[in-house]
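Structure at a glance
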Amino acid sequence: MTTYQKPVFPSAAVWKDSALVENFLGRVRKGVPLAEAQFDVMMRVIEGRGQPVNAFMDLGCGDGVLASVILAEYPDATGVLVDFSMPMIQAAIANLKSYGKRIHFSTVDYADPNWFGTVAAHGPYDAIVSGFSIHHHSDRVKQQVYRDVFDLLGPGGVFVNMEHVRSTSKWLEAVHDDFFIDSLWASQVGQPTSESRAQVATGYHSRDDKAANILAPVESQCQWLRQIGFQDVDCYFKAFELALFGGRKPPQKNIYDFEAA
Ligand SMILES: C[S@@+](CC[C@H](N)C(=O)[O-])C[C@H]1O[C@@H](n2cnc3c(N)ncnc32)[C@H](O)[C@@H]1O
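First things first, this report covers the structure right here in the doc.

Rules used throughout
The numbers attached to residues start from 1 for each chain and follow its sequence in the written order. Under the rules for a predicted model, residues below a pLDDT of 70 receive no local features and side-chain atom pairs below 80 are neither given nor counted, while totals for whole chains, interfaces and linings still include all residues. Side-chain measures were taken over the full set of non-hydrogen atoms in the model, leaving aside hydrogen atoms and water. Only DSSP runs of H or I with at least four residues qualify as helices, and only runs of E with at least two residues qualify as strands; both kinds are numbered from the N terminus onward. Polar contacts here mean pairs of N or O atoms no more than 3.5 Å apart (in protein, one a potential hydrogen donor and the other a potential acceptor; neighbouring residues in sequence count only if both atoms are side-chain atoms). Contacts: residue pairs with any heavy atoms within 4.5 Å of one another. One heavy atom within 4 Å of a molecule or strand makes the whole residue count as near it. Note that accessible areas follow from Shrake-Rupley with a 1.4 Å probe, and for residues the cover is restricted to the protein chains shown. Each residue gets one of three labels, nonpolar for Ala, Val, Leu, Ile, Met, Phe, Trp, Tyr, Cys and Pro, charged for Asp, Glu, Lys and Arg, and polar for the others, Gly among them. Side-chain atoms within 4.5 Å link the members of a nonpolar core, which is a set of buried Ala, Val, Leu, Ile, Met, Phe, Trp, Tyr and Cys residues. A 1.4 Å probe rolled over the protein chains alone gives each residue an accessible area, and that area as a share of the maximum for its type sets the label: buried under 20%, exposed over 50%, partly exposed in between. Note on definitions: salt bridges are taken to be side-chain nitrogens of Lys or Arg within 4 Å of carboxyl oxygens of Asp or Glu. Each pair of strands is called paired provided DSSP finds at least two bridges between the two strands. Only the contacting stretch of a helix is used when fitting its axis, a line to C-alpha atoms as for every element, and angles between N-to-C directions run 0 to 180 degrees.

1. Description of the side chain of Asn213
By secondary structure assignment, the location of Asn213 is in the loop between α9 (208–211) and α10 (218–228). Of the polar contacts made by the side chain of Asn213, one reaches the side chain of His136; its length is 3.5 Å. When sequence neighbours within four positions are dropped, the list of residues in contact with Asn213 reads His135, His136 and His164.

Here it is in structure tokens:
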């Protein structure tokens, strides 16, 4: 059995650690501010295609929280859930077991260029979503992943990235941190193990995954998507460092579009 070795320099690999995953799923994820609004906006963008989702992918799926919303909304959808953290995949298997054959797990590292071939077989995809995952990678890798996402989507397919993005100043970063800590604190008040706000703040600032963040401004990321060829690119929702952005692969033109042009 391979044992997880804590990396010397924090990286996305911190997510292979069971204790970190337990803390995230048991405490942090439940306290993400305005999470319901983010899911609502994500689904509105996907529904904007005007057609049911058949194939979708969840990149860095964690316990499958994004995938579960799509699976519940589209009874014929099948999803590929990508994550390289075994504790996360185990949580997703447990949460989504009622979906049976509608889900496939892929334990590839999407920062490795070879990942593309393993997931392309299940595509093209109508929707590709990602939640709080890609920000752990360098800007070069982020752009490579966005190019791969574009190539994996079918015509008219949408990409929605629910992400942690960079503040434009240290002052705004501090405002964001307070916003997040208040939400975390509120989410665990009344629970048997509830902590003081100061304890919540200490835990928030010292998390290993926070040290592994490589945040990029949402404007730059939208610009990368446009350069790749996505259309309808925008930041669809934003509250400080929490952003939901993405775009749509151009739909296939039919003969009538050419005649009208
Ligand atoms: C913060 S968690 C978010 C999980 C879930 N998407 C959510 O919104 O709650 C980030 C997830 O991305 C996964 N991840 C990060 N980089 C990855 C990579 N290069 N390949 C596969 N999974 C990755 C981690 O293992 C982790 O499960």
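2. Quick look at the site of the ligand
Around the ligand, 21 residues are found, and the nearest of them are Arg29, Gly60, Asp83, Asp109 and Ser133. Bound to the protein, the ligand loses 99% of the 590 Å² it would expose on its own. Partitioned by chemical class, the residues of the shell around the ligand number 12 nonpolar, 6 polar and 3 charged.

3. Focus: the nonpolar core
Ranked by internal contacts, the top residues of the largest apolar core, which has 47 residues, are Met42, Ile46, Phe56 and Ile70. Per element, the largest residue contribution to this core is 7 residues, and it comes from helix α2 (residues 35–47). Leaving out residues up to four positions away in the same chain, Ile70 has contacts with Met42, Met43, Ile46, Val53, Phe56 and Val129. Formed by 31 residues, the second largest nonpolar core is a distinct cluster that contains Val108, Val145, Leu153 and Trp224.

4. Brief notes about the pattern of salt bridges
Applying the stated criterion across every chain yields a total of 9 salt bridges. Taking the shortest distance from any N to any O, the salt bridge between Glu195 and Arg27 comes out at 2.9 Å. In this pair, Glu195 is assigned in the loop between α7 (170–188) and α8 (197–206) and Arg27 in helix α1 (residues 18–28), connecting sequence segments 168 residues apart. Here the salt bridges share partners, and the residues they tie into one network are Asp178, Asp182 and Arg197.

5. Here we look at the sheet that holds strand β2 (residues 78–82)
Strand order in this open sheet of 7 strands is β3-β2-β1-β4-β5-β7-β6, and the pairing throughout is mixed. Two strands bound the open sheet, and with one partner strand each, they are β3 (103–106) and β6 (231–239). Sheet twist, expressed as the average angle between the axes of neighbouring strands with direction ignored, equals 15 degrees. Where strand β1 (residues 55–59) and strand β4 (residues 125–131) come together, 4 bridges link them in parallel fashion. Residue pairing in the sheet places Leu59 in a bridge with Ser130 of β4.

6. Things to note about unusual backbone geometry
Between Gly123 and Pro124 the backbone carries a cis peptide bond, its omega angle lying at -5 degrees. By secondary structure assignment, the location of Pro124 is in the loop between α5 (115–120) and β4. At Leu34, a residue that is not glycine, the phi angle is positive and equals roughly 55 degrees. With respect to the helices, strands and loops of the structure, Leu34 is situated in the loop between α1 and α2. Its identity is not glycine, yet Asp232 carries a phi of approximately 55 degrees, on the positive side. On the secondary structure map, Asp232 appears in strand β6.

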